[in-house]
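# Breakdown of the fold
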Amino acid sequence: QHSYGFETWFQSGAVHDAGTFRTACRDWLRYSLARSEGIAVARACDMARFEDFDSLPALDRKLGALKLSREAREASSMTGQALLSSYGDIFGRPGLEGFARQAEDGTVAAHHAVVFGAICGAHDIGAPEAVLAFLQAAVTSLAGVACRLIPLGQVETQRTITDAWPFIQAFSREVMELGIDDMNTAMLSLDVAAMQHETLRGRLCIC
């Protein structure tokens, strides 16, 4: 399970209760997740909907370049390839066969956001809906980690997810106006925390 570097903050006490987690989660959405993975989901979705599968590798490499920590890159690739494999087992990977072969031979990393967006597009799901679903799932997953590691009560955890929804909607709308060249991440403190994660004693998350 991903913590996106938050596990380091949880252990250090930098994020230690519902209030500090909500603030950090909102900043992560605004300055990191939406403008990197969020844009990748939207553009991969559009590429697949218009059958431009040849453009997926360049998008995948761009997203990988924005992941500064080794663990973040590896976790994103591992979960993306697992999703791509499961998708193939169930649906046969229509249109994504070439990308899947590149993932198998190591030519592309097959980052999770790119695979998620491409699958949505291949099934004619629009980019706005794909981004909303991706960001909501990421926040829900991170809140589950925070619930165990801070720890948070169930009510606090659900309130955090609910409070994040207006921001998820707003950032999803912003993403629709942005292209691949706009992809960025501006939360270096979290990147450093992700780099420090591999040296933590007793870890729950893969990154």
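Within the chain, the secondary structure is distributed over nine helices and zero strands. From first element to last, N terminus to C terminus, the chain shows the α and β order α-α-α-α-α-α-α-α-α. In summary, the chain has a C-alpha radius of gyration of 17 Å against a globular reference of 17 Å for 207 residues, a match within 12%. Of all 207 residues assigned to the chain, the portion counted as buried reaches 48%. Distance between charge centroids for the chain: 5 Å, based on 18 positive and 25 negative side chains.

Of all hydrophobic cores here, the largest spans 64 residues; its most connected members are F6, F21, W28, L56, L96 and F99. Among the elements that line this core, the one with the most residues is helix 2 (residues 18-49), at 16 residues. Among all residues touching F99, those that are not within four sequence positions of it are L56, P57, D60, L84, V108, A110, V114 and V115.

What follows is about the pattern of salt bridges. Tallied over the full model, the rule gives nine salt bridges. Here E37 and K67 are joined by a salt bridge, their closest N and O atoms 2.4 Å apart. Residue E37 is found in helix 2, and its partner K67 is found in the loop between helix 3 (56-66) and helix 4 (70-91); the two are separated by 30 residues along the sequence. Among the ionic pairs, E74 bridges to R70, the shortest N-O distance being 3.0 Å. In this pair, E74 and R70 both sit in helix 4, four residues apart, roughly one turn of the helix.

Two numbers describe a pair of packed helices, the interaxial angle and the distance between the axes. Following both chains from N to C, one finds helix 4 and helix 6 (residues 112-122) inclined at 25°, their axes separated by 7 Å at the closest point. Between helix 4 and helix 6, the interaxial angle falls into the category roughly parallel. Contacts between helix 4 and helix 6 involve S76, T79, G80, L83, L84 and Y87 from the first element and H112, V115, F116, I119 and A122 from the second.

This paragraph deals with the packing of aromatic side chains. Under the counting rule described, the total for this entry stands at nine aromatic pairs. Between the aromatic rings of Y87 and F91, the centroid separation amounts to 5.3 Å while the plane-to-plane angle is 35°, which identifies the pairing as tilted. Of this pair, Y87 and F91 both sit in helix 4, four residues apart, which is roughly one turn of that helix. Judged by its relative accessible area of 4%, Y87 is buried. Considering the side-chain rings of F116 and F134, the 5.4 Å spacing of their centres and the 65° angle between planes classify their relative orientation as edge-to-face. A residue pair is termed long-range when its members are at least 10 positions apart, and F116 in helix 6 and F134 in helix 7 (residues 127-149) qualify at 18 residues. An aromatic cluster is built from Y4, F6, W9, F10, F21 and W28, whose rings are joined through pairwise contacts. The residue whose ring lies beneath R30 is Y31, and the NZ or CZ to ring-centre distance is 5.9 Å.

Conventions adopted
Residues numbered from 1 in each chain as written. Predicted model: local features only at pLDDT ≥ 70, side-chain atom pairs only at ≥ 80, totals over all residues. Heavy atoms only, no water. Helix = DSSP H or I, 4+ residues; strand = E, 2+ residues; numbered from the N terminus. Rg over C-alpha atoms; globule rule 2.2 N^0.38 Å. Buried < 20%, exposed > 50% of the residue type's maximum accessible area, 1.4 Å probe, protein only. Lys, Arg positive; Asp, Glu negative; His and termini not counted. Charge placed at Lys NZ, Arg CZ, Asp CG, Glu CD. Core = buried A, V, L, I, M, F, W, Y, C linked by side-chain atoms within 4.5 Å. Contact = heavy atoms within 4.5 Å. Salt bridge = Lys/Arg side-chain N within 4 Å of Asp/Glu carboxyl O. Axes fitted to C-alpha atoms, helices over the stretch in contact; angles between N-to-C directions. Parallel < 35°, antiparallel > 145°, perpendicular 65-115°, else oblique. Phe/Tyr/Trp six-rings, centres within 6.5 Å; stacked < 30°, edge-to-face > 60°. Lys NZ or Arg CZ within 6 Å of the ring centre and 35° of its normal.

Fair warning: the whole summary comes from geometry, so function is off the table for now.
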